[in-house]
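Letter by letter, the chains look like this.
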Amino acid sequence: MNIVVCVKYVPDAQSERGFDASDNTTDRENVDGLLSELDEYAVEEALKLVEAGEGEVTVLTIGPEQAADAVKKALQMGADKGVHVSDAAISGSDAPATSLVLAEAIRKIGGADLVLTGMASTDGSMSVVPAMLAERLGLPQVTFASELTVDGDTVTIRRDGDAASETITASLPALVSVTDQINEPRYPSFKGIMAAKKKPVERWSLADLGIDSSQVGLGAAWTKVEDVTKRPPRQQGTIVPDEGDGGARLAEFLASQKFI
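Before going into details, it helps to say that this report is about the structure given with it.

Criteria and thresholds
Residues numbered from 1 in each chain as written. Predicted model: local features only at pLDDT ≥ 70, side-chain atom pairs only at ≥ 80, totals over all residues. Heavy atoms only, no water. Core = buried A, V, L, I, M, F, W, Y, C linked by side-chain atoms within 4.5 Å. Buried < 20%, exposed > 50% of the residue type's maximum accessible area, 1.4 Å probe, protein only. Helix = DSSP H or I, 4+ residues; strand = E, 2+ residues; numbered from the N terminus. Contact = heavy atoms within 4.5 Å. Arc of directions from axis to C-beta. Salt bridge = Lys/Arg side-chain N within 4 Å of Asp/Glu carboxyl O. Pairing = 2+ DSSP bridges. Axes fitted to C-alpha atoms, helices over the stretch in contact; angles between N-to-C directions. Polar contact = N/O pair within 3.5 Å; in protein donor to acceptor, adjacent residues only side chain to side chain.

Let's talk about the nonpolar core
Thought 1: In this structure, Ile3, Val5, Val57, Leu116, Leu148, Val176 and Val178 are the most contacted members of the largest nonpolar core, which totals 37 residues.
Thought 2: Of all the elements, helix α1 (residues 37-52) adds the most residues to this core, at eight residues.
Thought 3: Discounting chain neighbours no more than four positions away, the residues touching Ile3 are Ala46, Leu49, Val50, Glu56, Val57, Thr58, Leu114 and Leu116.
Thought 4: Core analysis: the second largest hydrophobic core is formed by 25 residues, Ala103, Val115, Leu133 and Val216 among them.

Encoded structure:
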């Protein structure tokens, strides 16, 4: 089984997030970044499927030079090879443009029996790219999988909702997005870290994929961020001593905030 896992290089949530003042897009070059945590579950699931049978795992990412770190982490976990699509024209792309680039890259990779993604990116949290990608590739999509099994040419997932769980089956090739309940991603071992240095990583531009630059980037985006304001610093809270009328003051505060 040949599996393509789409991963994203995102700003570290623990670091200060910056913006490009010229267009209000997220600064992805001058901040600390990493492989999106939610994508690690997709990488792990791909590795488990291949380890249970045979095949290979190709990791695909889009982004600036630093995005190669996302591919590197996946290779250290055990993926077989990587593809990094990097082109200055991609900067500022929205979800439709991102799905276009991913779709053409997957077509160029060729022979994918299964495309795996995380449930969302930790920076955008939109959860729409998997559906858009499946539409562009003409693949059945089964999303938000908390359990996944492959039997012959069929993939089956369990999707857990608030009130019930659904079992959904699709024929391969297919696209599946997985949740953070599906597994526990492995930590790269020393052996995996050393082996990753010898694994192939191809770097492609838009020209390599046959995509015109007018189809991507901020100019082609359907939405635009008009203004960005940093969150104000946290103010010191009010301390209510547990004495005297403390209980009444606490109840009054909770009521004023509509907590009770």
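Describing helix α4 (residues 129-137)
Thought 1: Those residues of α4 that sit buried are Pro130, Leu133, Ala134 and Leu137. Along the axis of α4, the buried positions cluster into a sector of 100°, meaning they face one direction only.
Thought 2: Looking at the buried residues of α4, the elements they touch are β1 (2-6), α3 (95-109), β8 (114-118), β9 (141-145) and β13 (174-178).
Thought 3: Two residues or fewer past α4, Gly138 is found with a positive phi of approximately 70°.

Topic: the pattern of salt bridges
Thought 1: On inspection of all chains with the given rule, the structure shows 11 salt bridges.
Thought 2: Salt-bridge contacts for Glu166 lead to Arg159; the nearest nitrogen and oxygen are separated by 3.2 Å.
Thought 3: Classification of Glu166 as partly exposed rests on a relative accessible area of 42%.
Thought 4: When its relative accessible area of 23% is taken as the criterion, Arg159 is described as partly exposed.
Thought 5: By sharing partners, the salt bridges in this structure join Glu44, Glu51 and Arg186 into a single network.

Here's the deal with the sheet that holds strand β7 (residues 81-85)
Thought 1: The sheet built from seven strands is open, its strands ordered β9-β13-β8-β1-β6-β7-β14 with parallel pairing. Across the chains shown, the open sheet's two edge strands, defined by having one partner strand only, are β9 and β14 (201-204). Neighbour-to-neighbour, the strand axes of the sheet open up by a mean angle of 20°, direction not taken into account.
Thought 2: Note that strand β6 (residues 56-62) and β7 share five bridges and pair parallel. Looking at β7, one finds that Thr58 is bridged to Lys81.
Thought 3: Packed onto the sheet, helix α2 (residues 68-77) meets β6, β7 and β14 and runs at close to 170° relative to β7.
Thought 4: Against the sheet, α3 engages β1, β6, β7, β8 and β14, with an angle of about 145° to β6.

With respect to the pairing of strand β10 (residues 147-151)
Thought 1: When β10 meets strand β11 (residues 154-160), the two strands line up antiparallel, connected through five bridges. Within β11, the position partnered with Thr149 by the bridge is Thr156.
Thought 2: Between β10 and β11, which pair antiparallel in sequence order, lie two residues; one of them, Gly152, sits at a positive phi of approximately 65°.

Description of the environment of Asp80
Thought 1: Mapping Asp80 onto the fold places it in the loop between α2 and β7.
Thought 2: For the pair Asp80 and Ala195, spaced 115 residues apart in sequence, the C-alpha to C-alpha distance is 9.7 Å.
Thought 3: Among residues more than four places away in sequence, those in contact with Asp80 are Gly55, Glu56, Val57, Leu75, Lys199 and Pro200.
Thought 4: In this structure the side chain of Asp80 is engaged in a polar contact, spanning 2.6 Å, whose partner is the backbone nitrogen of Val57.

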